[in-house]
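Structure at a glance
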Amino acid sequence: QVQLLESGGGLVQAGGSLRLSCAASEHTVTMAWFRQAPGKEREFVSTITWSGASTRYADSVKGRFTISRDNAKNTMYLQMNSLKPEDTAVYYCAAGLIVGTSAMAEVYDYWGQGTQVTVSS
């Protein structure tokens, strides 16, 4: 059972930056970030394959967020720049034994507890 622990969330003003981290208890394959805002469904943010060679982003974050990973540390990151109030959500880390990338939450087997990101206007 892979355990995932997110960190790095917080309160930031619009236009600011945050870096989220997701530490895995063991080696994982494809990893991803999802988020859920109050009253809304969980949505895909970004995903990365084990090698880091393939990444995907939601249109809403493309050009502002960057996903990366350090396999030596079993850790994935999400650098979030130019944050907007609409980025406010709980951000979840996910990992799945899948080939390639996927924006579908149901294919990911393991989930973290989430970290709150709040962007003030």
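Residues numbered from 1 in each chain as written. Predicted model: local features only at pLDDT ≥ 70, side-chain atom pairs only at ≥ 80, totals over all residues. Heavy atoms only, no water.

Digging into the environment of Gly100
Formally: Only DSSP runs of H or I covering at least 4 residues are called helices, and only runs of E covering at least 2 are called strands; the numbering of each starts at the N terminus. For every residue, the accessible area (1.4 Å probe, protein chains only) is compared with the maximum for its type, and the residue is labelled buried under 20%, exposed over 50%, or partly exposed between those bounds. Contacts between residues were defined by any pair of non-hydrogen atoms, one from each residue, lying within 4.5 Å.
Relative to the helices and strands, Gly100 resides in the loop between strand E9 (89–96) and strand E10 (110–111). Judged by relative accessible area, which is 28%, Gly100 ranks as partly exposed. The spatial distance from the C-alpha of Gly100 to the C-alpha of Ala53 is 9.7 Å, given a sequence separation of 47 residues. Excluding anything up to four places from it in sequence, Gly100 contacts Thr30 and Thr49.

Let's talk about the environment of Leu11
For Leu11, the position within the fold is in strand E2 (residues 10–13). On the basis of relative accessibility, which here comes to 66%, the residue Leu11 falls in the exposed class. With 109 residues separating them in the primary sequence, Leu11 and Ser120 have C-alpha atoms 7.3 Å apart.

Here we look at the pairing of strand E7 (residues 65–70)
Filter applied, for reference: Strands are labelled as partners when DSSP assigns at least two bridges between them.
Of the two faces of E7, only one is covered, namely that formed by Phe65, Ile67 and Arg69; the face formed by Thr66, Ser68 and Asp70 stays uncovered. As paired elements, E7 and strand E8 (residues 75–80) share six bridges and run antiparallel to each other. Counted as the bridge partner of Asp70 is Thr75 from E8. Counted between consecutive antiparallel strands, the loop separating E7 from E8 contains four residues, among which Asn74 sits at a positive phi close to 50 degrees.

Structural notes on the packing of aromatic side chains
Definition in use: Ring geometry is summarised as follows: Phe, Tyr and Trp rings, the Trp one being its six-membered ring, pair when their centres sit within 6.5 Å, and such pairs are stacked at plane angles under 30 degrees, edge-to-face over 60 and tilted between the two. Only when the NZ atom of a Lys or the CZ atom of an Arg is both within 6 Å of the ring centre and within 35 degrees of the ring normal do we say a charge sits over the ring.
Inspection of the entire model under this criterion finds four aromatic pairs. Here the aromatic rings of Phe34 and Tyr108 are separated by 5.7 Å at their centres, their planes lie at 70 degrees, and the arrangement is edge-to-face. Within this pair, whereas Phe34 is found in strand E4 (residues 30–36), its partner Tyr108 is found in the loop between E9 and E10, the two being separated by 74 residues in sequence. Tyr108 matches Phe34 in its accessibility class, with the two residues each being buried. Seen from their ring centres, Phe34 and Trp111 are 5.1 Å apart, and the 55 degrees between their planes marks the pair as tilted. Taken as a pair, Phe34 in strand E4 and Trp111 in strand E10 lie far apart in primary sequence, 77 residues in all. A relative accessible area of 26% places Trp111 in the partly exposed class. In this structure an aromatic cluster arises from ring pairing among Phe34, Phe44, Tyr108 and Trp111. A cation over a ring is seen here: Arg42 above Trp111, with NZ or CZ 4.7 Å from the ring centre.

A closer look at the pairing of E8
Buried residues dominate E8, accounting for five of its six residues. Pairing geometry for strand E3 (residues 18–24) and E8, over six bridges, is antiparallel. Following the sheet pairing, Ala23 is matched in E8 by Thr75.

Description of the state of the cysteines
Simply put, disulfide is the name for a covalent bond between the sulfur atoms of two cysteines. The criterion, for reference: Note on terminology: disulfide denotes any pair of cysteine sulfur atoms within 2.5 Å.
Following the criterion strictly, the structure yields one disulfide and no others. Between Cys22 and Cys93 runs a disulfide, and the two sulfur atoms are separated by 1.9 Å. Torsion about the S-S bond of the Cys22 and Cys93 cystine: about -65 degrees, corresponding to left-handed handedness. Pair noted here: Cys22 is in strand E3 and Cys93 is in strand E9, with a separation of 71 residues, a long-range link. Its relative accessible area of 0% is what places Cys22 among the buried residues.

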